[in-house]
Amino acid sequence: MTLDAHDKLLETVLQEYKILAEYERLQSEDLGGIYVTPSYENPFLWFGVIFVRSGVYKDGVFRFTLTFPSRFPNDSTVPTVTFQSDVFHPLINPNDGVLDLSEAFPKWQAGDNHIWQMLKFVQSVLQNLDDHTIHSNPVANNEAYELLVENRTEFLVRVEQSVEESQQKLYDLPAHPDRFYICFDRFNPDVHGPALQSMKENKGTEVTTPPSSGLSWVRKGMYQPLSK
């Protein structure tokens, strides 16, 4: 291996270590309702899903991806959050699903900015929209912004459509399968019932269930994640 090749390999390893460190840091942060996992195939891609617990988007289950720049975190380029289904929101581009992060992260500052902060921003703009002042100009979705300001009733109708669509797509599989893609299975009383009962009774004993398929399950009508 040449010196240049060795240096390149070392740089790649260190970069992937920094991304892994960002992921491990998430474990100590309060990110209730948000779940992310790195792609098996691509260390610069994370899969995510947010279960919205309050606000006008309540009960929405929105999938998104988080894509890291090729030199992250060694330059000022901010990672990209892209929603996989239509989310009618002033800060989400209706054409490509990209969330406008510019008001919170105009540029990436290594050491000061972290991925958990981005995810908290995602959580905030969906769960606390009424408390969030939008400073972006122009906004990512001008129609959503105008309805929010001028016709709240119609805005809420469009938001509800987004929420319902997200619930309908909860069990969809990815177009390009990845071993670590976050999948959900429909509630099966025979498979998931014992685990649910154990949670209700708060038992510390082991629950005997069929071997895990690697899927999480969501009880119909509840839209709350309950992992096996």
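Residues numbered from 1 in each chain as written. Predicted model: local features only at pLDDT ≥ 70, side-chain atom pairs only at ≥ 80, totals over all residues. Heavy atoms only, no water.

**Quick word on the confidence of the model for the chain**
The predicted structure's coordinates, where accompanied by low pLDDT, should not be read in detail. Where we set the bar: Known as pLDDT, the predictor's per-residue confidence is scaled from 0 to 100. Helix and strand definitions follow DSSP, with helices as H or I runs of at least four residues and strands as E runs of at least two, each counted in order from the N terminus. Any pair of residues with heavy atoms lying within 4.5 Å of one another is described as a contacting pair.
For the chain, mean pLDDT is 83; residues scoring 70 or higher make up 82% of the total. Between the elements of the chain, mean pLDDT differs from a low of 40, seen in strand β7 (residues 225-227), to a high of 97, seen in strand β4 (residues 80-83). Of the regions scoring below 50 in pLDDT, residues 204-228 engages in 57 contacts with residues more than four places distant in sequence or in other chains.

**What to know about the side chain of Asn 113**
Along the polypeptide, Asn 113 turns up in the loop between β4 and α2 (115-127). When residues no more than four places from it in sequence are discounted, the contact partners of Asn 113 are Glu 22, Phe 105, Lys 107 and Trp 108.

**Concerning the sheet that holds β4**
Basically, it comes down to this: Being paired, for any two strands, means DSSP has found at least two bridges between them. Each axis is a line fitted through C-alpha atoms, and for a helix only the stretch in contact is used; angles between axes span 0 to 180 degrees, taken between their N-to-C directions.
Pairing in this open sheet of four strands is antiparallel, and the strands run β1-β2-β3-β4 from one edge to the other. The open sheet has two free edges, formed respectively by β1 (34-38) and β4, since each of these has just one partner strand. Each strand of the sheet is rotated relative to its neighbour by a mean of 25°, with strand direction disregarded. Bridge count for strand β2 (residues 45-51) against strand β3 (residues 61-67) is seven bridges, and the pairing is antiparallel. The residue bridging Phe 47 from the neighbouring strand is Thr 65, located in β3. Lying over the sheet, α2 contacts β1, β2, β3 and β4, oriented at roughly 35° with respect to β2.

**Remarks on helix α3 (residues 142-150)**
What sets the pattern is the α-helix's 3.6 residues per turn: residues three or four places apart point alike. The following threshold applies: Think of it in three bands: residues with accessible area under 20% of the maximum for their type are buried, residues over 50% are exposed, and the middle band is partly exposed, with areas taken using a 1.4 Å probe on protein chains only. The reported arc concerns the directions from the helix axis to the C-beta atoms and nothing else. Any pair of N or O atoms that falls within 3.5 Å is considered a polar contact. Within protein, one atom must be able to donate a hydrogen and the other to accept it, and sequence-neighbouring residues count only if both atoms are side-chain atoms.
Regarding α3, the residues found buried are Ala 144, Leu 147 and Leu 148. Seen along its axis, α3 keeps its buried residues to an arc of 105°; they face one direction. Summarising the geometry of α3, the exposed residues directed more than 90 degrees from the buried face are Val 149 and Glu 150. Looking at the buried side of α3, the elements it contacts are α4 (152-168). The backbone nitrogen of Glu 143 lies 3.2 Å from a side-chain oxygen of the residue at the head of α3, namely Asn 141.

**Observations regarding the pairing of β1**
The pairing of β1 with β2 spans five bridges and is classified as antiparallel. Paired with Val 36 across the strands is Gly 48, a residue of β2. From the end of β1 to the start of β2, which pair antiparallel, there are six residues.

**Focus: the pattern of salt bridges**
As a reminder of what qualifies: Take a side-chain nitrogen of Lys or Arg and a carboxyl oxygen of Asp or Glu: if they are within 4 Å of each other, that pair is a salt bridge.
By the definition in use, this model includes three salt bridges. One salt bridge connects Asp 130 with Arg 152, and the closest N-O pair in it is separated by 3.0 Å. Taken together, the residues Asp 130 in the loop between α2 and α3 and Arg 152 in helix α4 connect sequence positions 22 residues apart. Residue classification places Asp 130 among the exposed positions, given a relative accessible area of 52%. Ionic pairing is found between Lys 169 and Glu 165, a salt bridge with its closest N-O pair at 2.8 Å. With a relative accessible area of 21%, Glu 165 lands in the partly exposed category.

**Side note on the packing of α3 against α4**
The criterion, for reference: Convention used here: angles under 35 degrees read as roughly parallel, angles over 145 as roughly antiparallel, angles from 65 to 115 as roughly perpendicular, and any remaining angle as oblique. The classification used treats Ala, Val, Leu, Ile, Met, Phe, Trp, Tyr, Cys and Pro as nonpolar, Asp, Glu, Lys and Arg as charged, and all other residues, Gly among them, as polar.
In contact at an axis separation of 6 Å, α3 and α4 are set at 135° when each is read in the N-to-C sense. Relative to α4, the element α3 lies oblique. Two secondary-structure elements touch here, α3 through Glu 143, Ala 144, Leu 147, Leu 148 and Glu 150 and α4 through Arg 152, Glu 154, Phe 155 and Arg 158. Each residue belonging to the contact of α3 with α4 can be placed in one class, and the counts come to four nonpolar, no polar and five charged.

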